[in-house]
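So you can see what is in the structure, the chains are spelled out below.
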Amino acid sequence: MHRRLFLKAASAPFISRFGRAAAAERRFDPSFGTAGEALRAMAAGAISSRELTEHVVARIRKFNPKINAFLLLLEEQALERARQADEARAAGKARGPLHGLPVLTKDSFATAGIRTTSGSKMLAKHVPKEDAVAVARLRGAGAILVGKTNLPEFASDLQSYNEIAGTTNNPWDASRTPGGSTGGGAAALAAGFGFLELGSDIGGSIRTPCHFCGVYGHKPTLNVVPVDGHIPPPPATIAPLPDLAVAGPMARSAEDLLLELRVIGGPVRAEAAAWRWNLRPPRRARLRDYRIGFVLDDPFCPVASDVKRVMAGALDALRKAGVALAEGWPRGFDPQAAWESYSRLLAAVVGPGMEPSQIQKIREGAGSAWGHYAKGWIDGMTFSHQEWLRHTEARLKARAVWQEHFRTHDAFLMPVNIVPAFPHDHKLTFFERTVATADGPRLYADMLRWISPATFSGCPATVAPIGRTATGLPVGIQIVGPYLEDATPIDVAARLADVTGGFQAPAGLSG
């Protein structure tokens with residue numbers, strides 16, 4: 001979807017009914033339009049919130065049986081709140097920048113009075129009393145929650161499946177995964193089931209699903225968006241500020257990422273008494289003025305040839321657009337060393353929630369083909385506070401290296417993942433699995449490696465769709481930006497759509 005072109009016209013009855021609206025709003029596509037376009041169409045009277053929400057609900061009823069993107073649908077509640085939104089608009093009392101917009105949230109975020117399971121049967125009857133902070137901000141801005149999207153149990157896999165809702169399928173190929181852990185959200189956006197998604201990311205859980213499903217996602221700078229009310233950790237836990245995990249926006253356009261980020265970003269109420277979050281504007285006003293570094297492949301984690309081919313095409317398009325590109329890692333950055341520290345810190349976060357039998361399985365794998373992953377994981381789950389401080393120092397040093405790089409560069413391009421969406425595979429354990437690639441099988445855990453530089457450093461990273469493989473599967477690219485300058489990688493993603501085409505709707509989902 002080219003950001004400077006209007007989307008295809010909706011049905012003829014829709015056009016005729018709202019013929020008095022401005023031409024741009026008349027051409028709004030209620031199925032695959034952007035959040036910004038939907039908000040402008042509602043403000044112009046081209047469509048009401050109730051009508052737009054009814055359209056989204058109808059699409060879910062028609063197409064979701066094939067995709068299974070949700071853990072919970074809120075049809076009646078959403079329609080009633082849409083009706084209330086229309087009444088408020090008519091009275092001149094719009095609630096905020098997302099007034100009347102149908103949105104989604106990953107089921108790992110607490111929703112007041114609405115079941116929140118994080119994909120686990122342990123929480124099958126869990127109904128929080130309060131919204132997660134980011135959910136409360138979406139609702140406070142006038143958004144209408146249509147559904148809770150599917151994920152792996154406790155957001156712990158690169159596929160989206162659990163014993164409550166089953167398996168979510170990729171809208172581009174139902175035999176393949178949409179990714180995880182925000183896979184239900186990415187699939188729902190690609191299928192036109194809502195306009196924004198609230199996701200979370202510690203191991204690529206926003207970025208990989210966006211890459212697999214052909215939509216946009218943003219891993220914000222660490223701690224820009226509060227994760228209070230996210231599960232894990234367990235409900236009602238008072239947790240320290242995370243050193244890796246983030247909450248962030250997902251959408252069908254880069255501009256919509258910025259729209260959502262402005263709503264959900266900023267300190268929690270107690271901290272807001274002392275400081276404010278200031279989103280700096282993008283560094284450049286034109287695509288050709290950006291100074292961009294890149295690495296498309298590396299022995300640290302070789303990328304499958306079909307993915308690399310699409311990324312190379314995107315770089316060629318940038319060169320033709322006059323963008324200055326410089327190949328190579330930032331001076332002083334060692335991706336393998338960063339990975340070793342990141343994987344141990346990740347294990348320190350995730351490991352305590354694992355069952356003893358799962359931990360024993362990892363211990364037994366020490367001498368296997370995936371033994372190096374097993375060793376790092378066990379180290380991370382058992383190391384001392386002194387060792388944690390050593391890896392945290394490495395994390396902060398890596399951030400300083402990236403910040404030095406961003407004194408002379410504005411953004412950095414790298415792969416999201418080694419493969420496009422792969423066939424469902426729920427057998428064996430995370431580390432025992434392999435994934436087929438165009439160049440042969442690889443260890444499943446290799447798919448965590450390319451997301452590690454941005455997570456480890458805390459820098460923001462935006463994923464933008466840039467094309468498809470020869471077999472028709474989406475490919476995204478990861479745009480890392482300077483620490484606390486989230487608007488810059490998002491802006492690069494938006495301008496990249498001008499030369500690569502941006503979001504495209506999967507075949508067979510029109511209507």
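Above this text is the structure in question.
Residues numbered from 1 in each chain as written. Predicted model: local features only at pLDDT ≥ 70, side-chain atom pairs only at ≥ 80, totals over all residues. Heavy atoms only, no water.

Enquirer: Help me out: how do you make sense of the sheet that holds strand β9 (residues 291-294) in this one?
Expert: Note on sheets: strands pair through backbone hydrogen bonds, and any given pair is parallel or antiparallel. Pairing within the open sheet is mixed, and its eleven strands lie in the order β1-β3-β2-β6-β8-β7-β14-β15-β11-β9-β10. The sheet is open, and its two edges are formed by β1 (70-73) and β10 (324-327), each paired on a single side. In this sheet, adjacent strand axes meet at a mean angle of 30° when their direction is disregarded. Sheet analysis places β9 next to β10, joined by four bridges and oriented parallel. In the strand pairing of β10, F294 is matched with E327. Each of β1 and β3 (144-149) touches helix α5 (residues 75-90); the most contacted strand, β3, lies at about 160° to it. Across the sheet, helix α16 (residues 487-500) is in contact with β7 (216-219), β9, β11 (411-415), β14 (461-468) and β15 (474-480); its angle to β14 comes to roughly 10°. (Pairing = 2+ DSSP bridges. Helix = DSSP H or I, 4+ residues; strand = E, 2+ residues; numbered from the N terminus. Axes fitted to C-alpha atoms, helices over the stretch in contact; angles between N-to-C directions. Contact = heavy atoms within 4.5 Å.)

Enquirer: Looking at this model, I keep getting lost on the packing of helix α11 (residues 335-350) against helix α13 (residues 371-382). Mind explaining?
Expert: Helix packing for two helices is described by the angle between their axes and how far apart those axes are. The contact between α11 and α13 brings their axes to 7 Å, and the two run at 55°. Looking at the two axes, α11 sits oblique to α13. Taken as a pair, α11 and α13 cross one another with a handedness that is right-handed. Contacts between α11 and α13 involve W339, S343, R344, L346, A347, A348 and V350 on the former and, on the latter, Y373, K375, G376, W377, D379, G380 and M381. (Parallel < 35°, antiparallel > 145°, perpendicular 65-115°, else oblique. Left-handed = near helix turned anticlockwise from the far one by under 90°.)

Enquirer: Looking at this structure, I do not really get helix α10 (residues 305-320). What am I missing?
Expert: Working note: α-helix, 3.6 residues per turn, so residues spaced by three or four point in the same direction. Helix length check: α10 (16 residues) gives 22 Å between terminal C-alpha atoms against 22 Å at 1.5 Å per residue, within 8%. Buried within α10 are the following residues: D306, V307, V310, M311, A314, L315, A317 and L318. (Expected span 1.5 Å × (residues − 1). Buried < 20%, exposed > 50% of the residue type's maximum accessible area, 1.4 Å probe, protein only.)

By themselves, these figures tell us nothing about what the structure is for.
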